[in-house]
Amino acid sequence: MDAGQYILKKWLIKYEQFVKSRLTPLAAEDESSIEYWKTQLFFTLLLYGLPISFVAAFPGIYLSIANRDITMGVIDITTFLGFAIITFSGRLALFARKLLLIGLFYPLAIYLIIAFGYIGPGIFYLFGLTVITTLILPVYFAYWSVLLSSAILISIAVLLPQGAGQYGPQQVTGSGSWVAFTSNLLFLSGIAVILIHRIIDRLGETLLNKQQLTQRYQMLFEKSPLPMWLFDTETLQFKDVNEAATRHYGYSHREFLDKKITDIRPAADNFALAETVQANRKSGIPYEQYARHYKKNGELIDVRIESSLLEVEGKLLRLVLATDITEIIRNEKEMAAANERTRRSESDLRAIFESTVDGIVLIDEHNRVKQFNAKAADYIRFQQMPKQFEIGRDIFCYVSSLLHDDFAQLLLRSQSGETVQYDRQYRLSEAMMWVHYSLSPVYTDDKVTGVCITGRDITPVKTYVTKIEQQNDLFREIAWTQSHVVRAPIARLLGLLPLIRNPDTDEDYQASLKYLEESITELDKIVSSVIHQSHRAGQMPKIVEKD
């Protein structure tokens, strides 16, 4: 770039900055409004139209001097100066600038038509003014512009019946010429206005929809109950955060924007984070992962991250939704520990359940078998029925039909909250067997929802009790013998002792000895009998325990 180009570029930059400084305060702030973009088009027209208008005015001034036509020069200079005043004036309102600019060029268009005829530049000015009016003003001004152009052409035809074009050949004359030009200009201008208006309307709808979508996004972003933020995928800098994020993490909005996403993560996690962000920056696929974040108070929390890639103003940003799952993970760990404890408890209970000497059957409120242990099957043989216990089967399937009524009554008593106990004897092929049954109600939330039936083989106990009763009978017999049978010979012996000590005669003495011998013999027999009974009673029964 040479010095001349550099100076020209520098001058153009200063010119643009100066013009924008004069016009920017007039611009609307809402970029989603169609009026904003119409104003921007008008500003662009002013910014670049003034230098270009000088290029158009210079040949006119030259031609004015060459043909000694002061009118053309005055109109060109007036139009150029008016353009400059509209551009640089700080006092004119925006709408006034637009009207003055449109009105400024109509005299020039009229003069050019008079000077160069219907096929000269004046016709193009009229068409161009209609197009510009449609672009920078409300549409009804554009339709008035079409009518004004038609009126201008009709007026020129009436005032100059011999035809216009003093600087050009008189190619078009007569009434037919101006009718043709007027109708065609009216057609082209009307079509242009309709098309441009339709495009502007569609553009306005698009901008409105975009604004509504932006507002919805902003509302969803700001009012979301879950923390959300945007961060730059290249620098990892926070770009925006919502209220929920500032509330949950404790950082202010400004503090968040001064941080990077790595600042709220443990240092050990940052390398994997950078790799994930860069890989996803290329793929653009939404992802979900779990992470750990620090709050401002230093608390480390577990979060579930849901993220999508967005392009905003040429930058690739990540929209992140962070859900705090610290309590969920803590609860899951506690539930896992509780489940493990329950599993162990169930295992322990199952071991107790299976190792107990009692047979146990648990039935529900409909008398269906819910659970049973191995010992329960041992007592089925007491019913002399070949069926095996099965989950879900009716308990009456395992009870003799002769006992159904009695058993049903027992179940009703237990289901009403009573614990029922009874013994039942069963005759087997070789011996009698006794089983002790207990029917206990099972509660769920203070409501009876089943019955627990236990059965225990008490045959050894029953045998022991029978032997004890027999032994007691022997003891009672011995006691009776001692109190009645033994006492008789002893009483006779006690009566003979005085006679033996002091006999009256030899015959009495011999008789006393005879009775003494008989009593001693009787007493010996009685003692032998008692000894035999005592020996039988001394054989104490033993309880035989069954597995």
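Just so it is clear, the structure is predicted and the values come from calculations on it, not from any experiment.

Visitor: Give me the packing of aromatic side chains: which residues, what numbers.
Guide: According to the stated counting rule, one finds 15 aromatic pairs in the structure shown. Judged by centre distance (5.8 Å) and plane angle (90 degrees), the ring pair of Phe-83 and Phe-105 falls under edge-to-face. Here the residue Phe-83 occupies a position in helix α3 (residues 70-88), and Phe-105 occupies one in helix α4 (residues 94-116), the gap between them amounting to 22 residues. Taking 5.4 Å as the distance between ring centres and 65 degrees as the angle between the ring planes, the aromatic pair formed by Tyr-251 and Phe-256 counts as edge-to-face. On the accessibility criterion, Tyr-251 (9% relative accessible area) is buried.

Visitor: Before we move on, could you go through the pairing of strand β6 (residues 359-364) and cite the residues and values that matter?
Guide: The side chains of a regular strand alternate between both faces of the sheet. Across the six residues that make up β6, a large majority, five, are buried. Inspection of the sheet shows β6 paired to strand β7 (residues 369-372) by three bridges, in the antiparallel sense. Its bridge partner being in β7, Ile-363 is matched across the sheet by Val-369.

Visitor: A description of the pattern of salt bridges should follow, citing residues and the corresponding values.
Guide: For the coordinates displayed, the defined rule picks out 10 salt bridges. The partner of Asp-258 in a salt bridge is Arg-254, with the nearest N and O atoms 3.3 Å apart. Across the pair, exposure class does not vary: Asp-258 and Arg-254 are exposed alike. Notably, a salt bridge pairs Asp-364 with Arg-368, separated by 3.5 Å at the nearest N-O pair. A relative accessible area of 10% means that Asp-364 is categorised as buried. Residues joined by salt bridges that share partners form a network here, namely Glu-288, Arg-304 and Glu-306.

Visitor: Go over the sheet that holds strand β1 (residues 228-232) with me, naming the residues and quoting the values.
Guide: Note: strands within a sheet are paired through backbone hydrogen bonds, in either parallel or antiparallel orientation. Pairing within the open sheet is antiparallel, and its five strands lie in the order β2-β1-β5-β4-β3. The strands lining the two open edges of the sheet, one partner per strand, are β2 (238-241) and β3 (287-294). Mean inter-strand twist for the sheet, computed between neighbouring axes without regard to direction, equals 30 degrees. Across eight bridges, the pairing between β3 and strand β4 (residues 300-312) is antiparallel. For Ala-291, the partnering residue across the bridge sits in β4 and is Val-303. Across the sheet, helix α10 (residues 270-283) touches β1, β3, β4 and β5 (315-324), and the angle it forms with β3 is around 150 degrees.

Visitor: Break down helix α13 (residues 404-415) for me, with residues and values.
Guide: Because the α-helix completes a turn every 3.6 residues, residues three or four places apart line up on one side. With 12 residues, α13 should cover 16 Å at 1.5 Å per step; its first-to-last C-alpha distance of 16 Å lies within 8% of that length. Taken as a whole, α13 has its buried residues at Phe-407, Leu-410, Leu-411 and Ser-414. Taken end-on, α13 shows its buried residues confined to a sector of 100 degrees, consistent with a single buried face. Across from the buried face of α13, at angles greater than 90 degrees, the exposed residues are Asp-405 and Leu-412. Along its buried surface, α13 packs onto β6, β8 (420-427), β9 (432-444) and β10 (447-457). Of the residues trailing α13, Gly-417 is marked for its positive phi of about 110 degrees.

Visitor: Describe the confidence of the model for the protein chain, naming the residues involved and giving the relevant values.
Guide: When pLDDT is averaged along the protein chain, the result is 77; 76% of the residues meet or exceed 70. Note on residues 167-173: pLDDT under 50 across the span, and 18 contacts to partners over four residues away in sequence or across chains. A low-confidence stretch, residues 540-547 stays under pLDDT 50, and its non-local contacts, those more than four residues away or across chains, total 14 contacts.

Visitor: Describe unusual backbone geometry, with residues and values.
Guide: For Asn-367, which is not glycine, the phi dihedral falls at a positive 65 degrees. For Asn-367, the location among the structural elements is in the loop between β6 and β7. For Asn-367, a relative accessible area of 17% corresponds to the buried category. Residues other than glycine seldom take positive phi values, yet Asp-445 does so here, at roughly 55 degrees. Structurally, the position occupied by Asp-445 is in the loop between β9 and β10.

Visitor: Outline the sheet that holds β9, supporting the account with residue identities and numerical values.
Guide: The five strands lie next to each other as β7-β6-β10-β9-β8, forming an open sheet whose pairing is antiparallel. Each of the sheet's edge strands pairs with one partner strand only, and the pair in question is β7 and β8. Strand after strand, the sheet turns through a mean of 25 degrees between neighbouring axes, direction not considered. Note: β8 against β9, eight bridges, orientation antiparallel. Looking at the pairing, Arg-424 lines up with Val-435 of β9. α13 contacts β6, β8, β9 and β10 of the sheet and is inclined by roughly 35 degrees relative to β9.

Visitor: Help me get a handle on the nonpolar core, residues and values and all.
Guide: Ranked by size, the top nonpolar core spans 35 residues in total, and within it Phe-42, Phe-83, Leu-101, Phe-105, Ile-113, Leu-126 and Leu-153 carry the most contacts. Looking at this core, the elements that each hand over two or more residues are α1 (3-23), α2 (34-66), α3, α4, α5 (121-136) and α6 (139-159). Element by element, the count of residues in this core is highest for α4, at 12 residues. Once residues within four sequence positions are removed from consideration, Phe-42 is found in contact with Leu-94, Arg-97, Lys-98, Leu-101 and Ile-136.

Visitor: Describe the packing of α4 against α5, listing the residues and the values that go with them.
Guide: Closest axis-to-axis distance for the α4/α5 pair is 7 Å, and the angle between their directions is 165 degrees. Regarding the angle of α4 to α5, the classification is roughly antiparallel. The chirality of how α4 crosses α5 is left-handed. Contacts between α4 and α5 involve Lys-98, Ile-102, Phe-105, Tyr-106, Leu-108, Ala-109, Leu-112, Ile-113 and Phe-116 from the former and Pro-121, Gly-122, Ile-123, Tyr-125, Leu-126, Leu-129, Ile-132, Thr-133 and Ile-136 from the latter. Looking at side-chain class alone, the contact of α4 with α5 contains 15 nonpolar, two polar and one charged residues.

What counts, and where the lines are drawn
- Along every chain, residues carry numbers that run from 1 in the direction the sequence is written.
- Per-residue local features are limited, in this predicted model, to residues with pLDDT of at least 70; the limit for side-chain atom pairs, both in listing and counting, is 80 or more; totals at the level of whole chains, interfaces and linings are taken over all residues.
- Side-chain descriptors were evaluated using all non-hydrogen atoms of the structure, hydrogens and water having been removed beforehand.
- Ring pairs are drawn from Phe, Tyr and Trp, using the six-membered ring of Trp, whenever the two centres fall within 6.5 Å, and their geometry is named by plane angle: stacked under 30 degrees, edge-to-face over 60, tilted for the rest.
- Note on conventions: DSSP H or I runs of at least 4 residues are helices, E runs of at least 2 residues are strands, and numbering of each starts at the N terminus.
- Working definition: with a 1.4 Å probe on protein chains only, accessible area under 20% of the residue-type maximum means buried, over 50% means exposed, and in between means partly exposed.
- The pairing criterion is simple: DSSP has to find at least two bridges between the two strands.
- What makes a salt bridge here is a side-chain nitrogen of Lys or Arg within 4 Å of a carboxyl oxygen of Asp or Glu, nothing more.
- Lines fitted to the C-alpha atoms define the axes, with helices restricted to the stretch that makes contact. Angles between their N-to-C directions range from 0 to 180 degrees.
- Residues are treated as being in contact if the distance between any of their heavy atoms lies within 4.5 Å.
- Helix span is expected to be 1.5 Å times the residue number reduced by one.
- Think of the arc as the fan of directions from the helix axis to the C-beta atoms.
- pLDDT is a residue-level measure of predictor confidence that goes from 0 to 100.
- Buried residues of nine kinds, namely Ala, Val, Leu, Ile, Met, Phe, Trp, Tyr and Cys, make up a nonpolar core once their side-chain atoms join them within 4.5 Å.
- Throughout, the term roughly parallel applies to angles under 35 degrees, roughly antiparallel to angles over 145, roughly perpendicular to angles from 65 to 115, and oblique to all others.
- Take the far helix as the reference: if the near one is turned anticlockwise from it by less than a right angle, the crossing is left-handed, and if turned clockwise, right-handed.
- We call Asp, Glu, Lys and Arg charged. Ala, Val, Leu, Ile, Met, Phe, Trp, Tyr, Cys and Pro are nonpolar, and the rest, Gly among them, are polar.

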